[in-house]
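Residue-level structure breakdown
Read off the chains here:
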Amino acid sequence: MDGEKKTLITNIQRMCMHDGPGIRTTVFFKGCSLHCPWCSNPENISAGRESYTVNGNTGMYGKFYTEEELYREIIKDIKFFGQGGGVTFSGGEPLLQLPFLQPLLSRLREKDINICVETALHVPTESLMSVLPYVDLFFVDMKILHGDMCKNVLGGEVATYLHNLDTLLDRGKQPIIRIPCNREYTLKEENFSLILDWLKTHPHLSVEVFATHSLGKAKYESLGKECLRWAQISTEELEEIAVRIGRGGSKVFINSI
Amino acid sequence: MFCDCKTELERNEYKRSTKLQQEADSWLKENQPEFYKLQRIGSYNAVFDAICSFVEIPQKEGRFLHFVDYRYLFDTTRGYRFENLTPDFGLIVNKGLQELKYPEKDVTNDFCVDYNKTIDSMMHLCERIAASRKAAGDAVYEGLFLNMKDKPARGFEEALQRILFIDQLFWQMGHRLVGLGHLDRILWDNYHKDMQDRKITREEALELLCDFMKALHQYYWLKSNVLMGDTGQIIILGTKNRDGGYYCNELTGLFIEALMKVQLPDPKLLLRVSKDMPEGLMKLSLKCMQTGVGSPILSNDDVIVPKLIAYGVDKEDAYYYGTSACWEPLIPGKSISPNNIAYLSYPKVLKRVWNHEDVLEITEFKQWMECFYQELKTELSELKKKISDYRLQYNPLLSVFTGDCYTRKSDVSTGGGKYHNFGITTVGLSNTVNALLNLKERVFEKHSLSLKEVADILQNDFKGYDKLLNRLKDSKLKYGMDEEEVISLTNEILRVSTDEIREYRNYLGGGLKLGVSAPSYIEAARDFPATFDGRRAGEPFGVHISSDCRNGYTELINFAAALDYGENRFNGNVVDFMISPHFIEQNFDKMTDLLMAGIGVGFFQLQMNVIGSETLIKAKKDPEKYPNLIVRVWGFSAYFRELPEEYQDILICRALENEGKAS
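The rules behind these values
- Residues numbered from 1 in each chain as written.
- Chains lettered and ligands numbered in written order.
- Predicted model: local features only at pLDDT ≥ 70, side-chain atom pairs only at ≥ 80, totals over all residues.
- Heavy atoms only, no water.
- Helix = DSSP H or I, 4+ residues; strand = E, 2+ residues; numbered from the N terminus.
- Rg over C-alpha atoms; globule rule 2.2 N^0.38 Å.
- Buried < 20%, exposed > 50% of the residue type's maximum accessible area, 1.4 Å probe, protein only.
- Contact = heavy atoms within 4.5 Å.
- Areas by Shrake-Rupley, 256 points an atom, 1.4 Å probe, with all protein chains shown as cover.
- Lys, Arg positive; Asp, Glu negative; His and termini not counted.
- Charge placed at Lys NZ, Arg CZ, Asp CG, Glu CD.
- Axes fitted to C-alpha atoms, helices over the stretch in contact; angles between N-to-C directions.
- Parallel < 35°, antiparallel > 145°, perpendicular 65-115°, else oblique.
- Nonpolar A, V, L, I, M, F, W, Y, C, P; charged D, E, K, R; others polar.
- Phe/Tyr/Trp six-rings, centres within 6.5 Å; stacked < 30°, edge-to-face > 60°.
- Pairing = 2+ DSSP bridges.
- Core = buried A, V, L, I, M, F, W, Y, C linked by side-chain atoms within 4.5 Å.
- Salt bridge = Lys/Arg side-chain N within 4 Å of Asp/Glu carboxyl O.
- Left-handed = near helix turned anticlockwise from the far one by under 90°.
- Buried area = accessible area lost by both parts, 1.4 Å probe.
- Polar contact = N/O pair within 3.5 Å; in protein donor to acceptor, adjacent residues only side chain to side chain.
- pLDDT = per-residue confidence, 0-100.
- Domains from an automatic or database assignment.

1. Focus on the overall build of chain B
- For chain B, the count of helices and strands is 30 helices and 14 strands.
- Since a compact globule built from 663 residues should have a radius of gyration of about 26 Å, the 25 Å found for chain B is in line with a globular shape.
- In terms of overall dimensions, chain B has C-alpha extents of about 80 × 55 × 55 Å along its principal axes.
- Residues classed as buried in chain B amount to 62% of the 663 residues present.
- At a minimum sequence separation of 6, the contacts of chain B that also span at least 24 residues come to 76%.
- Entry remark: accessible area of chain B is about 24,900 Å², with carbon and sulfur atoms responsible for 48%.
- Charge centroids of chain B, computed over 83 positive and 96 negative side chains, lie 1 Å from each other.

2. Observations regarding the packing of helix α9 (residues 156–172) of chain B against helix α11 (residues 188–196) of chain B
Residue and element names in this part refer to chain B.
- Between α9 and α11, the shortest axis-to-axis distance is 8 Å and the interhelical angle comes to 155 degrees. Regarding the angle of α9 to α11, the classification is roughly antiparallel. In this structure, α9 contributes Phe156, Glu157 and Ala159 to the contact, and α11 contributes Asn190, Tyr191 and Asp194.
- Taken together, the residues that form the contact of α9 with α11 break down as 3 nonpolar, 1 polar and 2 charged.

3. Section: the packing of aromatic side chains
All names here are of chain B.
- Following the criterion strictly, the structure yields 35 aromatic pairs over all chains and no others.
- Ring centres of phenylalanine 35 and tyrosine 72 lie 5.0 Å apart, and the angle between their planes is 80 degrees; this geometry places the pair in the edge-to-face category. Highlighted residues: phenylalanine 35 in helix α3 (residues 33–41) and tyrosine 72 in the loop between α4 (44–54) and α5 (90–94), separated in sequence by 37 residues. Of the two residues examined, phenylalanine 35 and tyrosine 72, each falls in the buried class.
- Taken together, a centroid distance of 5.4 Å and an interplanar angle of 70 degrees make the contact between phenylalanine 156 and tyrosine 191 edge-to-face. Note that phenylalanine 156 is positioned in helix α9 and tyrosine 191 in helix α11, a separation of 35 residues in sequence.

4. Points about the sheet that holds strand β9 (residues 176–181) of chain A
All names here are of chain A.
- An order of β5-β1-β2-β6-β7-β8-β9-β10-β11 is seen for the 9 strands of this open sheet, with the pairing classed as mixed. Either end of the sheet is taken by a strand with one partner, and the two such strands are β5 (63–65) and β11 (251–254). Pairwise comparison of adjacent strand axes, ignoring direction, gives a mean angle of 30 degrees for this sheet.
- As paired strands, strand β2 (residues 24–29) and strand β6 (residues 86–90) are joined by 5 bridges and run parallel to one another. Bridge pairing links threonine 25 to valine 87 in β6.
- Seen against the sheet, helix α6 (residues 158–170) touches β8 (137–141) and β9 and runs at an angle of roughly 155 degrees to β8.

5. Some words on the sheet that holds strand β11 (residues 574–579) of chain B
All names here are of chain B.
- Ordered by their spatial adjacency, 5 strands build an open sheet running β1-β4-β5-β12-β11, and the pairing between neighbours is mixed. Where the open sheet ends on each side, the last strands, each with one partner, are β1 (234–237) and β11. Strand after strand, the sheet turns through a mean of 25 degrees between neighbouring axes, direction not considered.
- Pairing of strand β5 (residues 297–300) with strand β12 (residues 605–610), which is carried by 2 bridges, proceeds in the antiparallel orientation. Within β12, the position partnered with leucine 298 by the bridge is leucine 606.
- Lying over the sheet, helix α30 (residues 645–658) contacts β11 and β12, oriented at roughly 75 degrees with respect to β11.

6. Quick look at the nonpolar core
- Within the largest apolar cluster, 241 residues are counted, with the highest numbers of intra-cluster contacts made by Trp368 and Met608 of chain B.
- Beyond its immediate sequence surroundings of up to four residues, methionine 608 of chain B is in contact with Leu286, Met289, Phe577, Ile579, Ile584, Met591, Leu595 and Arg632 of chain B.
- Listed in part, the 52 residues of the second largest apolar core include Val131, Ile177, Ile179 and Phe192 of chain A.

7. Observations concerning the pairing of β2 of chain A
Residues and elements named next belong to chain A.
- With 6 of its 6 residues buried, β2 lies for the most part within the structure.
- Neither face of β2 is left uncovered, since the one carrying Arg24, Thr26 and Phe28 and the one carrying Thr25, Val27 and Phe29 both have all their residues buried.
- Strand direction decides the pairing type here: strand β1 (residues 7–16) and β2, joined by 5 bridges, are antiparallel. Counterpart to isoleucine 9 in the pairing with β2 is phenylalanine 29.

8. A word on the environment of valine 516 of chain B
Residues and elements named next belong to chain B.
- Tracing the backbone shows valine 516 in the loop between β10 (512–515) and α26 (552–562).
- The exposure class of valine 516 is buried, given its relative accessible area of 3%.
- C-alpha separation for the pair valine 516 and aspartate 564, spaced 48 residues apart in sequence, amounts to 11 Å.
- Ignoring sequence-local partners within four residues, the contact set of valine 516 consists of Thr426, Leu429, Leu494, His544, Ile545, Gly572 and Asn573.

9. Considerations on the pattern of salt bridges
- Under the defined criterion, the tally for this structure stands at 67 salt bridges over all chains.
- The shortest N-O distance in the salt bridge between aspartate 197 of chain B and lysine 193 of chain B comes to 2.9 Å.
- A relative accessible area of 38% means that aspartate 197 of chain B is categorised as partly exposed.
- Between glutamate 642 of chain B and arginine 641 of chain B there is a salt bridge, with the nearest N and O atoms lying 3.3 Å from each other.
- The class of glutamate 642 of chain B is buried, set by a relative accessible area of 5%.
- Residue classification places arginine 641 of chain B among the partly exposed positions, given a relative accessible area of 22%.
- Taken together, the shared-partner salt bridges in this structure form one network comprising Arg14, Glu73, Lys76 and Asp77 of chain A together with Asp482, Glu483 and Glu555 of chain B.

10. A few points about the packing of helix α12 (residues 202–217) of chain B against helix α14 (residues 250–262) of chain B
All names here are of chain B.
- The interhelical angle for the contact between α12 and α14, taken along N-to-C directions, is 60 degrees, at an axis separation of 9 Å. Here α12 lies oblique to α14, going by the angle between them. Here α12 and α14 pass one another in a crossing that is right-handed. Counted together, Arg202, Ala205, Leu206, Glu207, Leu209, Cys210, Phe212, Met213 and Lys214 of α12 and Glu250, Leu251, Leu254, Phe255, Glu257, Ala258, Leu259, Lys261 and Val262 of α14 form the full contact between these two elements.
- Residue composition of the contact of α12 with α14, grouped by class: 12 nonpolar, no polar and 6 charged.

11. Digging into the interface of chain A and chain B
- With 17 residues of chain A at the contact, the number on the chain B side is 20 residues.
- Regarding the contact of chain A and chain B, the summed buried area is about 1,500 Å², with carbon and sulfur atoms giving 55% of it.
- At the surface where chain A touches chain B, the tally comes to 4 salt bridges.
- For glutamate 483 of chain B, the salt bridge goes to lysine 76 of chain A, with nearest N and O atoms at 2.8 Å.
- Our enumeration of links across chain A and chain B arrives at 8 residue pairs in polar contact (both at pLDDT 80 or more).
- Of all the secondary-structure elements, those providing two or more residues to the side of chain A that touches chain B are β1 and α2 (78–81) of chain A.
- In terms of residue class, the side of chain A that touches chain B is made up of 6 nonpolar, 6 polar and 5 charged.

12. Description of the confidence of the model for chain B
- In this model, chain B carries a mean pLDDT of 92, and residues with pLDDT of at least 70 account for 96%.
- This prediction of the complex comes with two scores: 0.93 for pTM and 0.90 for ipTM.

13. Here we look at the domain arrangement of chain B
All names here are of chain B.
- Along its sequence, chain B is organised into domain 1 (32–318) and domain 2 (342–389 + 422–567).
- The interface of domain 1 with domain 2 comprises 4 residues on the first partner and 7 residues on the second.
- The contact between domain 1 and domain 2 buries some 410 Å² in all, and 57% of this surface belongs to carbon and sulfur atoms.
- When the buried area of domain 1 at its contact with domain 2 is split by residue, Tyr80, Lys307 and Tyr311 rank highest and sum to 90% of it.
- Scanning the region where domain 1 abuts domain 2 turns up 0 salt bridges.
- Our count for the contact surface shared by domain 1 and domain 2 stands at 0 residue pairs in polar contact (both at pLDDT 80 or more).

14. Observations regarding the environment of arginine 183 of chain A
Residue and element names in this part refer to chain A.
- Here arginine 183 is to be found in the loop between β9 and α7 (189–200).
- C-alpha of arginine 183 to C-alpha of leucine 98: the two residues are 85 residues apart in sequence and 32 Å apart in space.
- The contact partners of arginine 183, leaving out residues within four places of it in the chain, are Lys188, Ala231, Gln232, Ile233 and Glu237.
- Among the polar contacts listed, one links the side chain of arginine 183 to the backbone oxygen of glutamine 232, at a separation of 3.2 Å.

Structure (structure tokens):
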């Protein structure tokens, strides 16, 4: 570590089209506060480096970056960002490491680079508060609002989550809500009705729905882990879900990944 | 005519088997013995005049008349063939043939005599065609061909027909890869006047352009050069203005719309782009590319024009540049610049180093590179020797449509044109850079392999070293990445190449240019041994400026923009994307942003293969079901079904890589 503060990143993906406005570079932080059974990026859950095996070749998930290295990587595409584009911090849970990167955020702001964060908001409120001034747009996952289920399945606290969401709203941020849809958990009536209720009280927020999938299978295998299979959700079902949410007044987009 | 009964596919086979020339010869021997003899011993003008007198004038099938009588194709085996050039079609639009001639008092040398005779022969053919149209009761086209003799074109349709007429003469005379030039500019006055006079509507003009393209496509099988589709019929659209801003007109968009409508792989469009161009024009071009038709290719004026000026091209000419069949910049109607007369194989240079007696004694990468550069110079000197006897044939027809020949009273073969720089392409630069980076890391830095071990592994074509092969392919530094080490190594290789050809002068006093567009990536690689970039023997080399890196298009554009195209390194440098039509559809606006931003970042040229792997795999299996599937190869579009299998495979492989499905 050379005594220097470093950030653990699994991937920096350039020219992303779906993680916010314009052309973007998405930084995937390693380490998450939850362990969603449907996670499609299992290599981002653990907060340490992990070895993997693919076709007999071994390697390590996770690479440490200094702040300067990360900055240089992000600004490589600055000319492509234009007016709207920029950087999206994703993960894992970016709000675990991002609060330690305020000078980086500040430099990016100075360059007028748009900053998005994809978060599940299961983090201490202080962490959220520390990055708030720098972030243009939050994508907030809304997964399980049922207290016991949230604790047992994800390992999260609904109260913290809702408090953080309120904090965002109180500060005038307009997050885009993302709902991963699966019959086994999120769409279960006792949970989904809570989601509908919450959205009904916030009809001005945009909502994206998408089906959980098994695209992370190869990554699970590379880590020697089992990838759960999910009952397939058809586009028609997603459309029905969108209609149900839409009845509460929200504008809903179907994200077909 | 013979071989008329054949289907299009049969004709393609027919042409490739070169039976055409044999059949024509035996037909001529029997039916036209005089001409048969003339072809072998007659002067250029005697043969040209005979051709204009003998070619059979067919009936008009579509709107336009455009024909090549392949019994009377000019015999080009007498010397080097003219190819990759663009005549000045503006001359025939704005003047009658008679007006192009030297007045009697100015006929002061043999060239002037031949020049005028050539025009007389053309006028004679005009008269023959006019008579044929008259016999068919077609007074309009009768008048149109008679008018061509001594007056400018009288309207848009007539201008298009004139271009088709002159163009067919070039094909008839054995020229290959005949470019068409800046047709939006050349045709503007006639189009604009017809629109003002309400003689045509925009829709009618679009129909005319569609018919024009269909006419040009008619002899696709005959016009194709090495591969089917390689016809070089390239139409240049849009230009950055010398005084600032960007020039395009209604025809610029109409040409693009017409290509979208006819969905033919040929002719091809090249759009000259600049940061000052209207975004709407870029959107229209992207829509056209999205249809999979393979063009337009984008050529970045903001980068290219300054390079041409720095090389010594007059400012006015530089702003009027076009390209040879694919990408190589030239000045239409002024350059007599065969731009693709040979190729430099960088992997061959690597092979030379490996063949050094004391190669295994090398202990430092720096030493290795010194040896590499020494061999690069040797390879280039041999190449220069190889092209030193390149002489252009006497060619009054081309001289008529090459502006400066008239004033200089000199044929294109003796320096009548304005620019005479020859051009070469290169191949395997990406494989070479990657192999060098791998050597540096593994042999000279980490010492995980010795040179002897590498030599053995290459000689054994990676047998038993599959894991190493995959690791080499997946190195952390690769060609196409915007990493300083990769860029500086690539630029250094390019600059050393330049050093060796800087002083070269051909017999007309022109220089030698090179570019990194690499049309020989299969041909040059076929019998070539394994290379240390993780390429097995016989596998194709890298395609143009492309990359299998996962970071995508922005990184590749950054890389391409960081390459040094200065001095003589501007002979075509195209970034080649594989992209799925679905991806463009889903991200249309962002793709437009990418291209517009890419112009500012500074790519030299850019072309796209808009196709998904699934379609290609199906089309290979079942070609009958995909008769019109168009792909982009080298610098042109072609029907997928007509490509040799190895070209089909490389496209499938690249599409899979692009979609992240490659194994």
